[in-house]
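Here are the chains, one letter per residue:
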Amino acid sequence: GEKNGHGNIGLLAVAEKYRGKGLGTTIIHAAHNWFIKNQYKKSSVVTQGNNVISSKLYHGCGYSIEKIEYWYHVWL
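Keep in mind the model is a prediction, meaning the values are calculated, not measured.

Conventions and cut-offs
Residues numbered from 1 in each chain as written. Predicted model: local features only at pLDDT ≥ 70, side-chain atom pairs only at ≥ 80, totals over all residues. Heavy atoms only, no water. Salt bridge = Lys/Arg side-chain N within 4 Å of Asp/Glu carboxyl O. Helix = DSSP H or I, 4+ residues; strand = E, 2+ residues; numbered from the N terminus. Buried < 20%, exposed > 50% of the residue type's maximum accessible area, 1.4 Å probe, protein only. Core = buried A, V, L, I, M, F, W, Y, C linked by side-chain atoms within 4.5 Å. Contact = heavy atoms within 4.5 Å. Pairing = 2+ DSSP bridges. Axes fitted to C-alpha atoms, helices over the stretch in contact; angles between N-to-C directions.

Regarding the pattern of salt bridges
No. 1: Across all of its chains, the model carries two salt bridges by this definition.
No. 2: Residues lysine 42 and glutamate 66 are paired through a salt bridge, measuring 3.4 Å at the closest nitrogen-oxygen approach. With lysine 42 in the loop between α1 (23-37) and β3 (43-45) and glutamate 66 in the segment after α2 (52-60), this pair connects stretches of sequence that are 24 residues apart.
No. 3: Residue classification places glutamate 66 among the exposed positions, given a relative accessible area of 62%.
No. 4: Lysine 67 is paired through a salt bridge with glutamate 69; the nearest N and O atoms lie 2.9 Å apart.
No. 5: Here lysine 67 falls in the exposed class, since its relative accessible area comes to 58%.

Description of the nonpolar core
No. 1: Counting residues in each nonpolar core, the largest one holds nine residues, listed as Ile9, Leu12, Ile28, Ala31, Phe35, Val45, Tyr58, Cys61 and Tyr63.
No. 2: Setting aside residues no more than four positions away along its own chain, valine 45 makes contact with Ile9, Tyr58 and Tyr63.

Concerning the sheet that holds strand β2 (residues 6-9)
No. 1: Read across the open sheet, the three strands follow the order β1-β2-β3; overall the sheet is mixed. Of all strands in the sheet, those bounded by a partner on one side alone are β1 (2-3) and β3.
No. 2: Where β2 and β3 come together, three bridges link them in parallel fashion. What sits directly across from asparagine 8, in β3, is serine 44.
No. 3: Contacts from α1 reach β2 and β3, with the element oriented near 160° to β2.

The following block contains the structure:
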């Protein structure tokens with residue numbers, strides 16, 4: 001999709017039994033092709049810091065950490 005004028009990968013998930021088969025990489029490459037087709041010059045993805053599997057996937061597809069934000073939730 002698009003967010004703030006650039007390509008954005010919102011939510012990506014691969015079922016555990018299908019991981020390690022290149023499906024996540026294929027999905028990200030498809031997103032990159034869509035970004036190029038729609039002339040976005042920048043793209044981003046957000047994940048939780050402790051999500052090591054997703055972080056490795058995104059890094060392997062060329063993404064790097066731009067910023068870290070801490071979100072705190074208070075349940076009343």
